[in-house]
Amino acid sequence: MPSIVTVEPVVAIAGRITIPPDKSIAHRAAILAALSEGENQIVGYPDAADPQSTLAVLGALGVEVEEREDSLFVQGVGRQGLRASDGPLDCGNSGTTMRLMAGVLAGQSFPSALIGDDSLSQRPMERIAEPLRRMGASIELDDGHAPIRIQGNSLSGITYTLPTASAQVKSCILLAGLMADGPTTVIEPSPSRDHTERMLGLTTLDLGGERRIAIDPAMDLPPRIWIVPRDFSAAAFFLVAGSIVPTATLVMRQVGLNPSRAALLDVLSAMGARIEVTNERTRAYEPIGDIRVNAPESGLHAVDVAGDLIPNLIDEIPILAVAAACAEGTTTIRDAAELRVKETDRLAATAQFLRAMGAQVEELDDGLVIEGGRPLQGATVDSQGDHRIAMAEAVAALTASGPTTIHNADCIEVSFPTFWEELDGMAGGGIVSSPA
Ligand code: S3P
């Protein structure tokens, strides 16, 4: 996988893009399969590095996984059937692996340590340690960060109000709740992605501004066939590509359309994008559909995005900023301070690469103000090791006035290993290259 990639501008793109399976759903399917008793089948598990980190961690805890054709077969060991690992559990770059597995391991009868790469070791972990300690877990951090040392304990059910909308923290507590001695309730201020609730069959009580999700540890966890839809967050890059390149028609099939993830569809449509969703259906607890995007008739225009919408497009903000840079008018994105604690500080990283390409961007504490409509120029940029920044840079490069060279481009492996092939393919080849 090349670490330096050059992307040439294009005027026309077309074709069908194969989107990788959803990594958020895949992590959860693997973990819930491992905690069930008996054989589970997961159809379409991603090859991407993050979901593979979850499999490696489960493997180190004694879970047997076999790959046959397009499926993984996971032998569930039951909620108390995991066994201590010989060494630290390496979560790589994956925050979801680390935070969800911390919830599972807090309720086991053995000690564990979760470690990650440099980026993951700088991300905040007190947000999970604090509620887990309230449940009775013994958790040690290194100044609020990984390594996370967990001494497994018996846990008590709690009622916990999330300080910020975070599906990883919510899911960590719900998974720990599966091992507790009584019911646990998580109260969330605004809706974050709800895959864990759907997969566990939990109901959410919406009490006007406050959402309560309860889990009873007495619930059954039968083995299942899990089907992983295509990842909306990966499709997002091509939704924007199809909305900023002058002549474009792209089709993506069987893409997850969970409303707690897919707010970018509405935002791009409000900006003037021509997006059509067909063949909508529900598969394995999740809404999916086929998406077609055509270049807009008269270009994109600016939009303001803030408030409760933000958690529903949290991973799409760097690519939304690219759309905003290509749109007429001033786009303001607010209430997105959580972006500062992702794989990079995504507000800073996005402002940096867009400015390098000639856009006018103001960084706010919790967002970005983007003056759209200035032509982008080719530039040399760096992903800073963040997969979503690398892909956002590549899409911005499509409309620049010259070639753009992206350093640290290999990090796309984290979520979308075939990204460069798909990007090149939609232009008929010849726009993506790397030094020999
Ligand atoms: C995820 C939740 C989000 C998201 C991340 C995946 C998940 O993080 O940014 O890429 O799978 O639960 P937060 O829960 O920290 O907002």
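Look up a bit, the structure's there.
First things first, this report covers the structure right here in the doc. These numbers were taken from a predicted model, which means no experiment stands behind them.

1. Examining the environment of Asn312
Okay, so step 1: The topology assignment puts Asn312 in the loop between strand E18 (304-305) and helix H9 (317-325).
Okay, so step 2: Overall, Asn312 belongs to the buried group, its relative accessible area being 12%.
Okay, so step 3: The spatial distance from the C-alpha of Asn312 to the C-alpha of Ala302 is 19 Å, given a sequence separation of 10 residues.
Okay, so step 4: Sequence-distant contacts of Asn312, that is, excluding residues within four places in its chain, are made with Pro191, Ser192, Pro259, Ser260, Arg261, Ala262 and Ala263.
Okay, so step 5: A distance of 3.2 Å separates a polar atom in the side chain of Asn312 from the backbone oxygen of Ser260.

2. Digging into the pattern of salt bridges
Okay, so step 1: One pass over the structure, following the stated rule, counts 24 salt bridges.
Okay, so step 2: Note that Lys23 is salt-bridged to Asp50, the shortest N-O span being 3.0 Å. Highlighted residues: Lys23 in helix H1 (residues 23-35) and Asp50 in helix H2 (residues 49-60), separated in sequence by 27 residues.
Okay, so step 3: For Lys23, a relative accessible area of 9% puts it in the buried group.
Okay, so step 4: The shortest N-O distance in the salt bridge between Arg198 and Asp194 comes to 3.0 Å.
Okay, so step 5: Within the structure, one salt-bridge network assembled from shared partners comprises Arg123, Arg193, Asp315, Glu343, Arg346, Asp386 and Arg388.

3. Some details on the site of the ligand
Okay, so step 1: The full set of residues close to the ligand is Ser24, Arg28, Thr96, Arg99, Ser166, Ala167, Gln168, Arg193, Ile314, Asp315 and Lys342.
Okay, so step 2: Here an oxygen atom of the ligand and a backbone polar atom of Ala167 are 2.9 Å apart.
Okay, so step 3: Within the contact set of the ligand, an oxygen atom lies 2.7 Å away from a side-chain nitrogen or oxygen of Lys342.
Okay, so step 4: Within the residue set of the shell around the ligand, elements represented by two or more residues are H1, helix H3 (95-106) and helix H5 (167-178).
Okay, so step 5: Shared between two domains, the shell around the ligand takes at least three residues from each, and those domains are domain 1 (4-21 + 229-433) and domain 2 (23-213).

How each quantity is defined
- Residues numbered from 1 in each chain as written.
- Predicted model: local features only at pLDDT ≥ 70, side-chain atom pairs only at ≥ 80, totals over all residues.
- Heavy atoms only, no water.
- Helix = DSSP H or I, 4+ residues; strand = E, 2+ residues; numbered from the N terminus.
- Buried < 20%, exposed > 50% of the residue type's maximum accessible area, 1.4 Å probe, protein only.
- Contact = heavy atoms within 4.5 Å.
- Polar contact = N/O pair within 3.5 Å; in protein donor to acceptor, adjacent residues only side chain to side chain.
- Salt bridge = Lys/Arg side-chain N within 4 Å of Asp/Glu carboxyl O.
- Near = heavy atom within 4 Å.
- Domains from an automatic or database assignment.

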